[in-house]
Amino acid sequence: MKKRILTGITTTGTPHVGNYLGAIKPSLELAEENSESFFFLADYHALIKTQNTIDIKASVKDVALAWLSSGLDTDKSYFYKQSDIKEITELSWILTCITAKGLMNRAHAYKAAIAENKSDEDKGINMGLFSYPILMASDILIFNSTHVPVGSDQLQHLEMTRDIAQRFNHLYKKTFNIPEAIVQEDKKVIPGLDGRKMSKSYNNIIPLLSDEKTLKKSIAKIVTNSLEPGDPKDPNGCNVFNLYTQFASLEQQSQFKNDYKEGISWGDAKNKLFNLINLELMPIRDKYNKLQEDKNLVNELLDAGAAKVRPLASEMLGELREIVGISKIE
Ligand code: TRP
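Residues numbered from 1 in each chain as written. Predicted model: local features only at pLDDT ≥ 70, side-chain atom pairs only at ≥ 80, totals over all residues. Heavy atoms only, no water.

Undergrad: Would you mind going over the layout of surface pockets with me for this structure?
TA: Any empty space left between atoms is shown by rolling a water-sized probe over those atoms. For the second largest pocket, the calculated volume is near 380 Å³. Taken together, 22 residues line the second largest pocket, and the ones lying closest to its centre are Lys57, Val60, Lys61, Lys81 and Asn299. Of all the secondary-structure elements, those providing two or more residues to the lining of the second largest pocket are helix H2 (43-49), helix H3 (53-69), helix H12 (266-292) and helix H13 (297-324). Among the elements that take part in the lining of the second largest pocket, H3 stands out by supplying 7 residues, more than any other. For the lining of the second largest pocket, a count of residues per class yields 10 nonpolar, 4 polar and 8 charged. (1 Å grid on protein atoms, 1.4 Å probe; cavity = no way out; pocket = protein on both sides within 12 Å on 5 of 7 lines; lining within 4 Å. Points joined across faces, edges and corners; volume = space filled by probe spheres on them. Helix = DSSP H or I, 4+ residues; strand = E, 2+ residues; numbered from the N terminus. Nonpolar A, V, L, I, M, F, W, Y, C, P; charged D, E, K, R; others polar.)

Here it is, written out as structure tokens:
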């Protein structure tokens, strides 16, 4: 069977270096091989986190342009917006009805949210957050994906997708392929400015598509210790060094390690990091600026993407409806 690679990015906020290194770049590298690829904008996932309509639209546009600027070829892949494929939300209900509540109770994202609450553990928690893993399972299973490149924080969701698929197969008949997660070993967690996982929720991102000045400014904000220039520094656990390794060759990394031993100043270390990141992001930024001039481009590409991918979704959903008994009476 041909590999079917699928990954999505939630459309909240501006695309950042974590999205690029964790999802976009590895997915595009995988897509070079003999496989089919499905890349999409998870805009229904965004509704779980925000009611800001302007924000969602701006994010859909920028995340789409981030994919395109990073080299996605819409002729060679399926590129679409989750909300355009209504079959996905329909499948989500079918899967909701066979998913154990206990499985959802165990989801890290949900558990973290209730843990933050004091007297009323459900305060501010919507059912979307609770059922999030089921919508994600639907994204993946509707196309019978085989490989899903994700950041390590999404591994539990992939496990849940596998559980749900297996349960469906067991209750009805073997229908779904059991998909595998692909996590890049050396890029497990992309650290943000404060060393925690780079995420819009932590307000610690390095933007992907910003101008040089903004990029430089955000790199300047990376948290370091207070060692003086000339003091030897430890690269282990250093936020600047960790980010550097995400972009650097092994040779560049060992050179940088040496700089640390020789007491490079934090200013110089950050400059080196900026130069390296900037070199990789420059062509992406240039392409983004160019593509942005065509105001209709994203809508046109997403409409074409939806038209291309919907027949697949609709065929699958038709089969599923038959299987569960939601079809014409005989
Ligand atoms: N939940 C993922 C994230 O927040 C985004 C996502 C939604 C996704 N559906 C998906 C990723 C399906 C892979 C496959 O990063």
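Undergrad: Where do I start with the environment of Ala46 in this structure?
TA: Position of Ala46 among the secondary structure elements: in helix H2. Note on Ala46: relative accessible area 0%, which makes it buried. Once residues lying within four places of it in the same chain are set aside, the contact partners of Ala46 are Thr10, Thr11, Thr12 and Ile56. (Buried < 20%, exposed > 50% of the residue type's maximum accessible area, 1.4 Å probe, protein only. Contact = heavy atoms within 4.5 Å.)

Undergrad: What is the right way to read the domain arrangement of the protein from this model?
TA: How big an interface is tends to be reported as the loss of accessible area on association of its parts. Split into domains, the protein comes out as domain 1 (3-190 + 295-324) and domain 2 (210-290). Spacing between the C-alpha centres of domain 1 and domain 2 amounts to 32 Å. Listed per partner, the contact involves 13 residues of domain 1 and 7 residues of domain 2. When the two sides are added together, the surface that domain 1 and domain 2 hide from each other amounts to roughly 930 Å², 58% of it contributed by carbon and sulfur. Ranking the residues of domain 1 by area buried against domain 2 places Val17, Tyr20 and Ser69 at the top, with a combined share of 46%. At the boundary of domain 1 with domain 2, the tally comes to 1 salt bridge. Residue Glu280 pairs with Lys25 through a salt bridge whose shortest N-O separation is 2.9 Å. Counting residues per element, the ones that place at least two in the side of domain 1 that touches domain 2 are helix H1 (17-31) and H3. When grouped by side-chain class, the residues that make up the side of domain 1 that touches domain 2 number 7 nonpolar, 2 polar and 4 charged. (Domains from an automatic or database assignment. Buried area = accessible area lost by both parts, 1.4 Å probe. Salt bridge = Lys/Arg side-chain N within 4 Å of Asp/Glu carboxyl O.)

Undergrad: Explain the site of the ligand here, please?
TA: Not every one of the 14 residues close to the ligand is listed here, only the nearest: Thr10, Tyr132, Met136, Asp139 and Gln154. In the model, a nitrogen atom of the ligand is placed 2.5 Å from a nitrogen or oxygen of the Tyr132 side chain. Measuring from a nitrogen atom of the ligand, one finds a side-chain N or O atom of Asp139 at 2.7 Å. Alone, the ligand offers 360 Å² of accessible surface; in the complex the protein occludes 89% of this. At the level of secondary structure, the elements contributing two or more residues to the shell around the ligand comprise strand S1 (3-10), strand S2 (35-42) and helix H7 (127-141). For the shell around the ligand, the residue count by class is 8 nonpolar, 5 polar and 1 charged. (Near = heavy atom within 4 Å. Polar contact = N/O pair within 3.5 Å; in protein donor to acceptor, adjacent residues only side chain to side chain. Areas by Shrake-Rupley, 256 points an atom, 1.4 Å probe, with all protein chains shown as cover.)

Undergrad: I would appreciate a short explanation of unusual backbone geometry in the present structure.
TA: Comment: phi is negative for the bulk of residues other than glycine, and the bulk of peptide bonds are trans. With phi around 45 degrees, Asn144 is a residue other than glycine that occupies positive phi space. Its relative accessible area of 21% is what places Asn144 among the partly exposed residues. The phi torsion at Asn203 lies on the positive side, around 55 degrees, for a residue other than glycine. As for its placement among the helices and strands, Asn203 is situated in the loop between strand S5 (180-182) and helix H9 (212-220).

Undergrad: What should I look at first to understand H7 in this one?
TA: An α-helix turns once per 3.6 residues; consequently, residues spaced three or four apart project the same way. For H7, spanning 15 residues, the distance from its first C-alpha to its last is 21 Å, which sits close to the expected 21 Å at 1.5 Å a residue. The largest bend in H7 is about 45 degrees, located at Pro133. Of all 15 residues in H7, 11 are buried; the element is thus mostly enclosed. Sitting at the head of H7, Asn126 places a side-chain oxygen 3.0 Å from the backbone nitrogen of Gly128. (Expected span 1.5 Å × (residues − 1). Bend = angle between axes of the 7 residues up to and from the residue.)

Undergrad: Teacher, can you tell me more about the side chain of His147 here?
TA: With respect to the secondary-structure elements, His147 resides in strand S4 (residues 147-149). Of note is the side chain of His147, whose polar atom sits 2.7 Å from the side chain of Thr146. If near-sequence neighbours (up to four positions away) are discounted, His147 is found in contact with Lys3, Arg4, Ile5, Leu6, Glu180 and Ile182.

Undergrad: What is the right way to look at the packing of aromatic side chains in this model?
TA: The full count for this structure, using the stated rule, is 13 aromatic pairs. With a centroid separation of 5.8 Å and an interplanar angle of 10 degrees, the aromatic rings of Phe241 and Phe256 are classed as stacked. Taken together, the residues span a long stretch of sequence, with Phe241 in helix H10 (residues 239-247) and Phe256 in helix H11 (residues 250-261) at a distance of 15 residues. Given the relative accessible area of 6%, Phe241 is considered buried. The class for Phe256 is buried, based on a relative accessible area of 0%. (Phe/Tyr/Trp six-rings, centres within 6.5 Å; stacked < 30°, edge-to-face > 60°.)

Undergrad: Can you walk me through the environment of Gln156 in this structure?
TA: Along the chain, the position of Gln156 falls in helix H8 (residues 155-171). Linking Gln156 and Arg106, residues 50 residues apart in sequence, is a C-alpha distance of 9.4 Å. Among residues more than four places away in sequence, those in contact with Gln156 are Arg106, Ala107 and His108.

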